[in-house]
Amino acid sequence: MDRRTVLRATVAGGAAAFCGSLWASAALSAPALAGPAQPGPGPYGDLLAADANGIQLPAGFTSRVVARSGQRVAGTSYLWHWAPDGGACFPAPDGWIYVSNSEIPLAGGASAVRFRADGSIASAYRILGGTNLNCAGGATPWGTWLSCEEAPLGRVMETWPDGSRAAEERTRMGRFTHEAAACDPDRRVVYLTEDEEDGCFYRFVPDTWGDLRTGRLQVLCAPTGQVTGPVTWADVPDRDGFPVPTRRQVGAAQHFDGGEGCWYDRGTCWFTTKGDNRVWAYDAAGQRLDLAYDDSLVPAGAAPLTGVDNITGTRSGDLYVAEDGGNMEINMITPAGVVTPFLRLLGQSGSELTGPAFSPDGSRLYFSSQRGVSGAVTGSDGITYEITGPFRH
């Protein structure tokens, strides 16, 4: 049997247990689902012709360029970093801040753009430097940005978006090829993805919530051959990952094909894997793993979302998943179980879309094209955008 047939048979047994319960936790008015999301019409209608920035958007939405790699951010003297990747937004006294990682070797780090309440740019500055391949990360409830190194024995760096404090290592969170992080304030843990073909899904349990300097690193475990179903957690014996990598220290650990984005919302941690184009849903209360989307579980040739990468969400329960590959889209997955394109970037097929994040009031979406029009592997042509429009909250 091909992969599509095998997956349908494997997941079918867990579909009844899924039945929209995870989606309902994100949006209580959502109808029950019969399984992973399927293609359908989006809540904003069809994409229109590309605008002046080469972006196709639904009616009522507009785009602007916020920053370009190697060029000064408008109204500031700050040169925007190369290869913009994962990002997040944070409230500020007079507006908000968007932070963005730089996925380049040895001189990576992260930068920030501070916006005034009217959306104009107030300043731009560095919040982390001298680190390696800063890919994704995650925001904390106490207002810091966890910037993760996507490199063997990579670290998590805790940064302060307002630039008020120097970044600090959080090596007790494990040394591995980090990708993204998502905080669960209900269980007081931080979920972590790993970008390896046989990577794992982890959680860090700090000794004190709000202090990530000490705690336990655990790995998600499941019976051999299980794709979805009940899971458990086990301590990783040596979080330093040398000489035995963390992903190979616990025999019962479940392995994932290229962990990418990670997003927690009201009892569910959503994370993506690029090797098999999946969006996973971890029910944190029930300790159960399900598939929210899999391109092998939609009609052949109809998958709108491929090359899954960074993920973010809204208060309405909508998920937004950026593509690394595919046809350069950010797709929505709605609480009704519909997966549909929200935007498409034309003329940049050699790039990838990164860092989707909403402003604190939910009215603006930020993201980057890591390599821009040229597709330069250095990311010297990266572009960071803002989308404004009638997002549902």
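Please refer to the structure higher up on the page.
Because the structure is a prediction, the values reported are computed rather than measured.

Chemist: Is there a simple way to think about the overall build of the chain in this case?
Modeler: When helices and strands are tallied, the chain shows two helices and 28 strands. Projecting the C-alpha coordinates of the chain onto the three principal axes gives extents of approximately 55 × 45 × 35 Å. Residues classed as buried in the chain amount to 61% of the 393 residues present. Relative to all contacts within the chain whose residues are 6 or more apart in sequence, the contacts with residues 24 or more apart total 52%.

Chemist: What am I meant to see in the sheet that holds strand 10 (residues 156-159) here?
Modeler: Pairing between sheet strands relies on hydrogen bonds along the backbone, with the strands arranged either parallel or antiparallel. Strands sit in the order 8-9-10-11 across an open sheet of four strands; the sheet is antiparallel. Strand pairing shows two members of the sheet lacking a second neighbour, strand 8 (134-139) and strand 11 (168-169), which therefore form its edges. Looking at chain direction, strand 9 (residues 145-149) and strand 10 are connected through four bridges and run antiparallel. In the sheet register, S147 faces strand 10, and the bridge partner there is M157.

Chemist: Honestly, the packing of aromatic side chains in this entry has me stumped. Any pointers?
Modeler: To describe a pair of aromatic rings, you give the distance between the ring centres and the angle between the ring planes. Per the stated rule, a full pass over the model turns up 27 aromatic pairs. Ring centres of F61 and F342 lie 5.2 Å apart, and the angle between their planes is 85 degrees; on these two criteria the pair is classed as edge-to-face. On the criterion of sequence distance, the pair formed by F61 in the loop between strand 2 (55-56) and strand 3 (62-68) and F342 in strand 25 (residues 338-345) is long-range, its members being 281 residues apart. With relative accessibility at 7%, the residue F61 sits in the buried group. A residue is classified by how much of its surface remains accessible, and F342, at 0% relative accessible area, is buried. Members of the aromatic cluster, joined through ring pairs, are Y191, F201, W233, F256, Y264, F271, W280 and Y282.

Chemist: How should unusual backbone geometry be read in this particular structure?
Modeler: One can expect most non-glycine residues to show negative phi and most peptide bonds to be in trans. The omega torsion across F242 and P243 is 10 degrees, close enough to zero to call that bond cis. By the secondary structure assignment, P243 is in the loop between strand 17 (232-235) and strand 18 (259-265). The phi dihedral of A83 falls on the positive side, at around 50 degrees, and the residue is not glycine. Here A83 is to be found in the loop between strand 3 and strand 4 (84-92). We note that L153 has phi near 60 degrees; this positive angle belongs to a residue other than glycine. Looking at the secondary structure, you find L153 in the loop between strand 9 and strand 10. The exposure class of L153 is partly exposed, given its relative accessible area of 34%.

Reading the values: the criteria
- Residues numbered from 1 in each chain as written.
- Predicted model: local features only at pLDDT ≥ 70, side-chain atom pairs only at ≥ 80, totals over all residues.
- Heavy atoms only, no water.
- Helix = DSSP H or I, 4+ residues; strand = E, 2+ residues; numbered from the N terminus.
- Buried < 20%, exposed > 50% of the residue type's maximum accessible area, 1.4 Å probe, protein only.
- Contact = heavy atoms within 4.5 Å.
- Pairing = 2+ DSSP bridges.
- Phe/Tyr/Trp six-rings, centres within 6.5 Å; stacked < 30°, edge-to-face > 60°.

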